[in-house]
Amino acid sequence: MTYDTIIRNGRWFDGSGAPSAVRTIGIRDGHVAAIVDGELDEAGCPQVIDAEGQWVLPGMLDIHTHYDVEVLGGPSLSESLRHGVTTVLLGSCSLSTVYVGGEDAGDIFGRVEAIPREHVIAAVDRHKTWSNGEEYIAALESRPLGPNVAAFIGHSDMRAATMGLDRATRKDQRPTRAEQAQMERMLTEASRAGFVGMSSQQLLFDKLDGDVCRSRTLPSTYAKPRELRRLKSLLRRSGRILQSGPDIENPLNVASQVFQSLGIVRNPLKTSLLSAADVKSNPFAVKLMGPLARLANRFGGDFRWQHLPVPFEVYADGIDLVIFEEFGSGAAALHLKDEVERNELLRDENYRRAFRKDYDAKFGMRVWHRDFFDATIVACPDASVIGKSFGEVGRLRGGVHPVDAFLDLVLEHGKELRWRTTISNHRPDVLKKLARDPGIQMGFSDAGAHLRNMAFYNMGLRLLRHVRDSGRAGQPFMTVEQAVHRLTGELADWYRIDAGHLRLGDRADIVILDPERLDATLDDYAEERVDQYGGLSRMVNRNDDTVTAVFVGGEAVFLDGELTPVVGSQRTGRFLRAAHKAPALAARPPVRKEVLAHVG
């Protein structure tokens, strides 16, 4: 029997957490056709990969992305592919593009996810041909998708499309009975089409872009309990998932989001909540997250926190960073689009007094630690400040308050001032505990958003490095098999999508990596232009020596440090419908053996 691809003598992980073993894998018609201890007949096989000394894993899942805009004009999503991610989930944080038009999408995505508003509008207006979930799926599958895609339907998407963005973001407005029924029909249709569930958001520092509704919070934050109960009831009945972000300033909201998953006299509500993070601003909060999840699940819930398993390091150009949205003076600056007007505000002493007061307030729940001594300048026309913190610059300038040092530099250099800080997940021992916790899922990369602020496309590789290094140091906290399971099969099974496993008959979504190159290069800074966003230079990761090969549906999409010619030109991924087996793509003519790259 012939195979399309043979991967020989690699250390094979099946995604279940079972012991790994050296095996040879044969791929035929996009599926795993053979797994043997020994050799397969290579006669007639056009592609043979020698994976000796390497790890052969199921393709990884990224359960929290904002690729909803990028997938329209750049469906290859190659930044994820090249790091072994073969399945991505769209529609996070109440945001999707199933129902809203271009302008509303621009207002909803632009400022919240730091994607230039004009490019969001252009992408949706140019590509949108759909009016419901089934048509949306068909539209995605008409594109040359790189990875597989699954999706939530966004609550803010449905609410804005039904009520109009202006009414949907007013406290004194409620959906009419007909509008409520319309949102329920939208959610029901999306569930039947195979969406994994609905995403909502109650976090209050995500703000809208545009002019009419500028600086209002997301539409889903205005929903009252009755509206939410009716939508959640549909999710319970269909067995679909609620992804949600709580109002972190309201402990009761956080607790209710956890315990809403209980199903004592009703179906449990599978709930994925944002997010489990070891934040510098409150090092004790993370200690409650695991016990809360375990308590809810012990009493019949089905609850998970989402977690980024690496340090949450962010970069900013000037004052343009979402963390400033969480307090009044920061949000006031970001409210102003006009640079002249904004600079006038930043010079105002009354404004600075308010900013200093917000900065010095150390109580209450927040994301940013508000410590400008823990914020390093990495680029600036004034070379003398590079490598210093804003606090240090203030001291060198005669004891200036860190806030004034920061604002002075923003006024002097605008977006040419680039700086970074780590907000959370900075303690390796805490990361180890979170990685083991069964109430916590590996996710929250935000891929496709915050283009100038962060890049976690390789978070799975970095978790594998942490596990391997701890084992080599004699301080293991989980096995490599368990780590692979957490990044693959565990997620796929919980979201009920056909991915995450590498067994006989499974679709051949595969990543091959060199464990000896799980090294310091995973932390390196890199940027790459995005053509569909006007050539904007975004943060990415580049670990092309670590990942040897990536396959989606049996098709090689990354080999020898390069994307293959099929990426962006033909579809390798598909839309994965919840609780459905994914059909195979149509067979393609075999490629002649002599023109294929040989990896090894």
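Residues numbered from 1 in each chain as written. Predicted model: local features only at pLDDT ≥ 70, side-chain atom pairs only at ≥ 80, totals over all residues. Heavy atoms only, no water.

A short note on the environment of Asp247
1) Next: With respect to the helices and strands, Asp247 occurs in the loop between β10 (241-244) and α10 (251-259).
2) Next: Residue Asp247 is classed as buried on the basis of its relative accessible area of 14%.
3) Next: With ten residues separating them in the primary sequence, Asp247 and Gln257 have C-alpha atoms 9.6 Å apart.
4) Next: Contacts of Asp247, omitting those with residues within four sequence positions, involve Gln202, Leu203, Leu204, Asn253 and Val254. (Helix = DSSP H or I, 4+ residues; strand = E, 2+ residues; numbered from the N terminus. Buried < 20%, exposed > 50% of the residue type's maximum accessible area, 1.4 Å probe, protein only. Contact = heavy atoms within 4.5 Å.)

Some details on a negative patch on the surface
1) Next: A cluster of acidic residues, Asp338, Glu339, Glu341, Glu344 and Asp348, forms a negative patch on the protein surface.
2) Next: In this structure, Glu341 sits in helix α13 (residues 339-347).
3) Next: Judged by relative accessible area, which is 43%, Glu341 ranks as partly exposed. (Patch = residues over 30% accessible without salt bridge, like charges linked within 9 Å, V, L, I, M, F, W, Y side chains within 5 Å. Areas by Shrake-Rupley, 256 points an atom, 1.4 Å probe, with all protein chains shown as cover. Salt bridge = Lys/Arg side-chain N within 4 Å of Asp/Glu carboxyl O. Lys, Arg positive; Asp, Glu negative; His and termini not counted. Charge placed at Lys NZ, Arg CZ, Asp CG, Glu CD.)

Considering the side chain of Thr65
1) Next: Turning to its location among the elements, Thr65 is positioned in the loop between β6 (60-62) and α1 (70-73).
2) Next: Looking at Thr65, its side chain comes within polar contact range of the main-chain oxygen of Leu89, at 2.7 Å.
3) Next: Contacts of Thr65, omitting those with residues within four sequence positions, involve Val88, Leu89, Leu90, Gly91, Ser92, Ser445, Asp446 and Ala447. (Polar contact = N/O pair within 3.5 Å; in protein donor to acceptor, adjacent residues only side chain to side chain.)

Brief notes about the sheet that holds strand β13 (residues 312-317)
1) Next: With respect to topology, three strands assemble into an open sheet ordered β13-β15-β14, the strand pairing being antiparallel. If you trace the sheet from one side to the other, it starts and ends with β13 and β14 (376-379), each paired once. For this sheet the average axis-to-axis angle between neighbouring strands, irrespective of direction, equals 35°.
2) Next: Strand direction decides the pairing type here: β14 and strand β15 (residues 418-424), joined by three bridges, are antiparallel. Opposite Ile377, over in β15, you have Trp419 as the bridge partner. (Pairing = 2+ DSSP bridges. Axes fitted to C-alpha atoms, helices over the stretch in contact; angles between N-to-C directions.)

Brief notes about the packing of helix α14 (residues 349-360) against helix α16 (residues 402-413)
1) Next: In contact at an axis separation of 9 Å, α14 and α16 are set at 130° when each is read in the N-to-C sense. Overall, the two elements α14 and α16 adopt an arrangement that is oblique. Where α14 crosses over α16, the two elements pack in a sense that is right-handed. Contacts from Tyr351, Arg352, Phe355, Arg356 and Tyr359 in α14 reach Pro402, Val403, Asp404, Leu407, Asp408 and Leu411 in α16.
2) Next: For the contact of α14 with α16, the class distribution of residues is seven nonpolar, no polar and four charged. (Parallel < 35°, antiparallel > 145°, perpendicular 65-115°, else oblique. Left-handed = near helix turned anticlockwise from the far one by under 90°. Nonpolar A, V, L, I, M, F, W, Y, C, P; charged D, E, K, R; others polar.)

Describing the confidence of the model for the protein chain
1) Next: Summing up the model confidence of the protein chain, the mean pLDDT is 94 and the portion of residues at 70 or higher is 97%.
2) Next: Contacts of residues 590-600 to residues separated by more than four positions or lying in other chains number 18 contacts, the stretch itself having pLDDT below 50. (pLDDT = per-residue confidence, 0-100.)

Description of the packing of α13 against α14
1) Next: At a minimum axis separation of 5 Å, α13 and α14 run at an interaxial angle of 70°. Relative to α14, α13 is oriented roughly perpendicular. Between α13 and α14, the contacting residues are Leu345, Leu346 and Arg347 on the first element and Glu349, Tyr351 and Arg352 on the second.
2) Next: Residues of the contact of α13 with α14, tallied by class, amount to three nonpolar, no polar and three charged.

With respect to helix α4 (residues 117-127)
1) Next: Residues of α4 that are buried include every one of Val120, Ile121, Ala123, Val124 and His127, and no others. Around the axis of α4, the buried residues are gathered within 165° of arc, so they sit on the same side. Residues Glu118, Asp125 and Arg126 are exposed on α4 and point more than 90 degrees away from its buried face. (Arc of directions from axis to C-beta.)

Observations regarding helix α12 (residues 328-335)
Because each turn of an α-helix spans 3.6 residues, side chains separated by three or four positions in sequence point in the same direction.
1) Next: Among all positions in α12, only Ser329, Gly330, Ala331, Ala333 and Leu334 are buried.
2) Next: Residues of α12 that are buried in the fold lie against α13 and α14.

Focus: the sheet that holds strand β7 (residues 85-90)
1) Next: The strand order across the open sheet formed by eight strands is β6-β7-β8-β9-β10-β11-β12-β16, and the pairing between neighbours is parallel. Single-partner strands in this sheet number two, and they are β6 and β16 (440-442). The sheet shows a mean angle of 30° between the axes of neighbouring strands, taken without regard to direction.
2) Next: Pairing of strand β8 (residues 148-154) with strand β9 (residues 197-199) involves three bridges; the strand directions are parallel. The residue bridging Ile153 from the neighbouring strand is Met198, located in β9.

Looking at the side chain of Ser96
1) Next: Following the sequence through the fold, Ser96 ends up in the loop between β7 and α3 (102-109).
2) Next: Its relative accessible area of 4% is what places Ser96 among the buried residues.
3) Next: From its side chain, Ser96 meets the backbone nitrogen of Gly154 in a polar contact 2.9 Å long.
4) Next: For Ser96, the side chain forms a polar contact with the side chain of Asp157, separated by 2.6 Å.
5) Next: With near-sequence residues (within four places) excluded, Ser96 lies in contact with Asp68, Gly91, Phe109, Phe152, Ile153, Gly154 and Asp157.

Looking at the pairing of strand β11 (residues 270-273)
For a regular strand, the rule is simple: side chains alternate between the two faces of the sheet.
1) Next: Going residue by residue along β11, you find Lys270 and Ser272 tucked away on one face and Thr271 and Leu273 tucked away on the opposite face as well.
2) Next: Inspection of the sheet shows β10 paired to β11 by four bridges, in the parallel sense. The residue bridging Ser244 from the neighbouring strand is Leu273, located in β11.
3) Next: For β11 and strand β12 (residues 303-307), the ladder comprises three bridges, and the chain directions are parallel. In the sheet register, Thr271 faces β12, and the bridge partner there is Phe303.
4) Next: Note that the unit made of β11, helix α11 (residues 286-298) and β12 has a crossover that is right-handed. (Right-handed = clockwise from strand over helix to strand, strands pointing away.)

Focus: the nonpolar core
1) Next: With 97 residues, the main nonpolar core has Leu90, Ile108, Leu140, Ile153, Phe195, Trp305 and Leu464 as its most contacted residues.
2) Next: Looking at this core element by element, the count peaks at five residues for helix α8 (residues 177-193).
3) Next: Setting aside residues no more than four positions away along its own chain, Phe195 makes contact with Val98, Gly133, Tyr136, Ile137, Ala151, Phe152, Ile153, Ala190, Arg240, Phe575 and Ala578.
4) Next: Counting 40 residues, the second largest nonpolar core, distinct from the first, contains Cys93, Leu321, Val393 and Leu409. (Core = buried A, V, L, I, M, F, W, Y, C linked by side-chain atoms within 4.5 Å.)

Observations concerning the environment of Leu504
1) Next: For Leu504, the position within the fold is in the loop between α20 (489-495) and β17 (510-513).
2) Next: Sequence separation of Leu504 and Gly534 is 30 residues, and the distance between their C-alpha atoms is 44 Å.
3) Next: Excluding residues within four positions of it along the chain, Leu504 makes contact with Val32, Ala33, Ala34 and Ile35.

Considerations on the UniProt feature "domain: Amidohydrolase" (unreviewed entry) in the protein chain
1) Next: UniProt annotation of "domain: Amidohydrolase" (unreviewed entry) refers to residues 47-232 when read in the numbering used here.
2) Next: End C-alpha atoms of residues 47-232 are separated by 48 Å, and the span's content is 40% helix alongside 14% strand. (UniProt positions renumbered as here; feature names shortened; annotations may be inferred.)

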